[in-house]
Amino acid sequence: MTCILAALGAGNMFQANQAHAMLSYAFDVPSEFGVITGLVLAALVFSVIVGGMPSIASVTEKIVPWMAALYVGMALIVIISNIGQVGAAFGAIIEGAFTGAGVAGGFIGALIQGLKRATFSNEAGVGSAAIAHSAVKTKEPITEGLVSLLEPFVDTVVICTMTALVITIAGLNVGPYDGSGLTGVTLTAASFTETAGIFKYLLALAVVLFAFSTMISWSYYGLKSWTYLFGEGKGPELAFKLLFCLFVVIGATIQFGAVIDFSDAALFAMSIFNIVGLYLLMPVVKKELHSFIARVKSGEIKAYKK
Amino acid sequence: MNEHDSCLVSLQRTILKNGPEFLSHKLVIKGDLAYLKPTLSAMSFCMIYIVVGVFLLGLAVRLLSFPDRYDLAIFLGGFGIAIGTFGMALIKPFLRRSSFDKEKNSFNNHKDRNVKLGHIVSLQINNKIVQSKHGLSYGCYELNLLTQHGRRINILNHGDEQQLLHDAEQLGYFLHVEVKDYRREIIL
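Residues numbered from 1 in each chain as written. Chains lettered and ligands numbered in written order. Predicted model: local features only at pLDDT ≥ 70, side-chain atom pairs only at ≥ 80, totals over all residues. Heavy atoms only, no water.

Participant: What exactly am I supposed to notice about the overall build of chain A here?
Facilitator: The helix and strand inventory of chain A stands at 11 helices and zero strands. Compactness check: chain A gives a C-alpha radius of gyration of 21 Å against a globular reference of 19 Å for 306 residues, within 12% of the reference. The principal-axis extents of the C-alpha atoms in chain A amount to approximately 55 × 50 × 45 Å. The burial tally for chain A puts 42% of its 306 residues in the buried class. Sequence-distant contacts, at least 24 apart, represent 78% of the contacts inside chain A between residues at least 6 apart. Here chain A contributes 16 positive and 17 negative side-chain charges, whose respective centroids are spaced 15 Å apart. (Helix = DSSP H or I, 4+ residues; strand = E, 2+ residues; numbered from the N terminus. Rg over C-alpha atoms; globule rule 2.2 N^0.38 Å. Buried < 20%, exposed > 50% of the residue type's maximum accessible area, 1.4 Å probe, protein only. Contact = heavy atoms within 4.5 Å. Lys, Arg positive; Asp, Glu negative; His and termini not counted. Charge placed at Lys NZ, Arg CZ, Asp CG, Glu CD.)

Participant: Would you mind showing me how to read the side chain of Ser271(A) here?
Facilitator: Residue and element names in this part refer to chain A. You can see Ser271 is positioned in helix α11 (residues 256–298). The class for Ser271 is buried, based on a relative accessible area of 10%. In this structure Ser271 touches Gly125 and Val126, once residues within four positions along its chain are discounted.

Participant: For this particular structure, what's the right way to read the interface of chain A and chain B?
Facilitator: How big an interface is tends to be stated in terms of accessible area lost as the parts join. Of the residues lining the interface, 37 residues belong to chain A; the matching set on chain B comes to 27 residues. For the pair chain A and chain B, the summed buried area comes to about 2800 Å², and 72% of that belongs to carbon and sulfur atoms. For the pair chain A and chain B, the interface holds zero salt bridges. At the surface where chain A touches chain B, the tally comes to four residue pairs in polar contact (both at pLDDT 80 or more). Looking at the side of chain A that touches chain B, the elements that each hand over two or more residues are α1 (2–27), α2 (34–49), α3 (56–81), α9 (199–230) and α10 (234–253) of chain A. (Buried area = accessible area lost by both parts, 1.4 Å probe. Salt bridge = Lys/Arg side-chain N within 4 Å of Asp/Glu carboxyl O. Polar contact = N/O pair within 3.5 Å; in protein donor to acceptor, adjacent residues only side chain to side chain.)

Participant: Would you take a moment to explain the packing of α1(A) against α2(A) for this structure?
Facilitator: Residues and elements named next belong to chain A. Interaxial distance between α1 and α2 falls to 10 Å at its minimum, and their mutual angle equals 125°. What the angle tells us is that α1 and α2 run oblique. Crossing hand, α1 versus α2: right-handed. Along the contact surface, α1 presents Ala16, Ala19, His20 and Leu23, while α2 presents Gly34, Thr37 and Leu41. (Axes fitted to C-alpha atoms, helices over the stretch in contact; angles between N-to-C directions. Parallel < 35°, antiparallel > 145°, perpendicular 65-115°, else oblique. Left-handed = near helix turned anticlockwise from the far one by under 90°.)

Participant: What is the right way to look at the packing of aromatic side chains in this model?
Facilitator: Each aromatic ring pair is summarised here by two numbers: the centre-to-centre distance and the angle between the ring planes. With the rule as written, the count across this model stands at 14 aromatic pairs over all chains. Ring geometry for Phe27(A) against Phe75(B): centres 4.7 Å apart, planes inclined by 45°, an arrangement best described as tilted. Here the residue Phe27(A) occupies a position in helix α1, and Phe75(B) occupies one in helix α3 (residues 70–95), the pair thus bridging two chains. Across the pair, Phe75(B) and Phe27(A) agree in class, each one buried. Taken together, a centroid distance of 6.0 Å and an interplanar angle of 75° make the contact between Phe45(B) and Tyr49(B) edge-to-face. Note that Phe45(B) and Tyr49(B) are positioned in helix α2 (residues 40–63) at a spacing of four residues, about one turn of the helix. (Phe/Tyr/Trp six-rings, centres within 6.5 Å; stacked < 30°, edge-to-face > 60°.)

Participant: Would you mind showing me how to read a positive patch on the surface here?
Facilitator: All names here are of chain B. Among the surface-exposed residues, Lys26, Lys30, Lys37 and Arg97 lie close enough to one another that they form a single positively charged patch. Relative to the elements of secondary structure, Lys26 occurs in strand β1 (residues 25–30). A residue is classified by how much of its surface remains accessible, and Lys26, at 39% relative accessible area, is partly exposed. (Patch = residues over 30% accessible without salt bridge, like charges linked within 9 Å, V, L, I, M, F, W, Y side chains within 5 Å. Areas by Shrake-Rupley, 256 points an atom, 1.4 Å probe, with all protein chains shown as cover.)

Participant: Before we go on, may I ask you to explain the sheet that holds strand β4 (residues 106–108) of chain B in this structure?
Facilitator: In a beta sheet, neighbouring strands pair by backbone hydrogen bonds and run either parallel or antiparallel. Residue and element names in this part refer to chain B. Taken in spatial order, the five strands line up as β1-β2-β3-β4-β5 in an open sheet, and their pairing is antiparallel. Whereas interior strands pair on both sides, the edge strands pair on one side only; in this sheet they are β1 and β5 (115–116). Of the strand pairs in this sheet, β4 and β5 are connected by two bridges, and their pairing is antiparallel. By the bridge assignment, Ser106 is partnered in β5 with Lys116. Set on the sheet, helix α4 (residues 161–175) makes contact with β1, β2 (33–38) and β3 (99–101); between it and β1 the angle comes to about 30°. (Pairing = 2+ DSSP bridges.)

Participant: Any chance you could explain helix α7 (residues 141–170) of chain A here in plain terms?
Facilitator: Given 3.6 residues per helical turn, the α-helix brings residues three or four places apart onto the same face. Residues and elements named next belong to chain A. For α7, with 30 residues, the first-to-last C-alpha span of 44 Å sits near the 44 Å given by 1.5 Å per residue. The sharpest bend along α7 reaches about 30° and sits at Cys160. Of all the positions in α7, only Ile142, Glu144, Met162, Thr163, Leu165, Val166, Ile167, Ile169 and Ala170 are classed as buried. At the C-terminal side of α7, Gly171 shows a positive phi close to 70°. (Expected span 1.5 Å × (residues − 1). Bend = angle between axes of the 7 residues up to and from the residue.)

Participant: Whenever I open this one, the packing of α7(A) against α11(A) confuses me. Can you help?
Facilitator: In helix packing, the relevant descriptors are the interaxial angle and the interaxial distance, both defined with respect to the helix axes. Residue and element names in this part refer to chain A. α11 packs onto α7 with a crossing angle of 95° between their chain directions and a minimal axis gap of 9 Å. Classified by the angle between their axes, α7 and α11 sit roughly perpendicular to one another. Here Ile142, Thr143 and Leu146 of α7 lie close against α11, whose contacting residues are Val285, Glu288, Leu289 and Phe292. Per-class residue counts for the contact of α7 with α11 are five nonpolar, one polar and one charged. (Nonpolar A, V, L, I, M, F, W, Y, C, P; charged D, E, K, R; others polar.)

Participant: Any chance you could explain the nonpolar core here in plain terms?
Facilitator: Across soluble globular proteins, nonpolar side chains have a tendency to be buried as a group. Judged by nonpolar contacts, the single largest core of 90 residues is most densely connected at Met22(A), Phe27(A), Val45(A), Phe192(A), Phe244(A), Tyr49(B) and Phe75(B). Counting residues per element, this core draws most heavily on α1(A), at 15 residues. Those residues within four positions of Phe75(B) in sequence are excluded, and the remaining contacts are Leu23(A), Phe27(A), Tyr201(A), Ala204(A), Leu205(A) and Val208(A). Grouped together as the second largest cluster of nonpolar side chains are 22 residues, Tyr141(B), Leu145(B), Ile155(B) and Val177(B) included. (Core = buried A, V, L, I, M, F, W, Y, C linked by side-chain atoms within 4.5 Å.)

Participant: Just checking my understanding: could you explain the UniProt feature "transmembrane region" (unreviewed entry) in chain B for this structure?
Facilitator: Residue and element names in this part refer to chain B. Those residues carrying the UniProt feature "transmembrane region" (unreviewed entry) are residues 40–61 and 73–95 in this numbering. Its end C-alpha atoms 30 Å apart, residues 40–61 is made of 100% helix and 0% strand. Taken end to end, residues 73–95 has its terminal C-alpha atoms 31 Å apart, with 100% of it in helix and 0% in strand. (UniProt positions renumbered as here; feature names shortened; annotations may be inferred.)

Participant: Would you take a moment to explain the confidence of the model for chain A for this structure?
Facilitator: Fine structural detail should not be taken from predicted coordinates in areas where pLDDT scores are low. The pLDDT averaged across chain A works out to 84; a share of 92% of its residues lies at or above 70. When pLDDT is averaged over each helix and strand of chain A, the minimum, 77, is found for helix α5 (residues 106–122) of chain A and the maximum, 90, for α10(A). (pLDDT = per-residue confidence, 0-100.)

Participant: Would you take a moment to explain the environment of Gly80(B) for this structure?
Facilitator: Looking at the secondary structure, you find Gly80(B) in helix α3. In the structure, Gly80(B) is positioned 28 residues away from Val52(B) in sequence and 7.0 Å away in space, judged by C-alpha atoms.

Participant: Just to check I follow, could you spell out the pattern of salt bridges for this structure?
Facilitator: Pairing is possible between side chains of opposite charge, provided their charged atoms come close. Residues and elements named next belong to chain B. Evaluated as defined, the whole model comprises five salt bridges over all chains. With a shortest N-O distance of 2.5 Å, Arg183 and Glu161 are connected by a salt bridge. Of the two residues, Arg183 sits in the segment after β9 (178–181) while Glu161 sits in helix α4, which places them 22 residues apart along the sequence. On the accessibility criterion, Glu161 (25% relative accessible area) is partly exposed. Through salt bridges with shared partners, a single ionic network connects Glu161, Asp181 and Arg183.

See the structure below:
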């Protein structure tokens, strides 16, 4: 149930909301036109999740890695062109983490906010990515675990640090954070635009594609959970798909604050049960990992080089 | 391996890797002509892209009358053209109907050339499980034809088993050829 809520919140409404927020920022689209963004995204999402035909998702899959490269490239340009401020930016980030500057509740407040955003970003411990990894056919399930370790590293350590540097260098992170000021994707976009005006257009393209591909991934997680609860069959599956598309439209039209609160709550609820499960399964994972490493060392599992 | 082994055609293997979960085509027989008619659901699927593409393009054209909105017009127009073109590419095969014409003694799918009806040896039904990153796995069925020269050509490919079995039987009767069932249990 919590996964379904997270799929509808973090994996759907938040994505649609931020896609429209980005369009509003980059092209000055009024927020009441969110329903159009929502309807267009919902139609495309429906066409993908209805199943079976070649869809726009396969095209998006090929484009998104290039968009990621574009994002990293833009971040590097901002960082390199402001290289003198990087040290001060790191200092401000570390100082903010321990003093809780700009966050209610001081150090604990900053810790909670940091955990919320990190969980949202890399999904570590939530159990969502595990659904996708579990679909992989492999004789060594532990390898999927090892591969998945890389995801939080790339996402949080590399991408989020670069984004944090861009935002801190621009110095626009001054609130208010309830959606009325620069927040979420608009804060990021405004920070990038401080260096080059064209960045907002490139970011708009990247954000829409990222949002779309994230919605597709989460629709799968949600559908898996839905069919676990209500059983497989055309009726229940179609019901979820329609509900998912409806939430795309809702997400694009409502306020950022409501969307992020709902998404955070759903992800938090999801991670509670998942972390309990992780703790109980820890001995099994440990045994599997030791067995895998021992077999790699003994040569039973061979490492192939190109 | 001898010369004959290298020429063997595995009739259990499916021709296509993927296929739609829903019914995409139905067989229609009218006199000496049998053809595959796309279903409304298949056409609607393609139409989603065309409608979205045209809508975005229309919006972009409308925005061109506002000089301060050129950037948004270019953005929406670009997306509209891309999505609409994708939809057109998807719908194109549906508009070209595959047909079996007894008068001309030919099978025409606008792809495989020189397939005479007299050369068709049998029809075969194959099954597969389509696995996707974006959805649950599902069963999909193929109706293929085999010619006396060993060519295998796909005729139908969709997830409605009952309709495919019915169409296979009807087509087998129309062509006076045997329908062989190569469905098997697939364990993932």
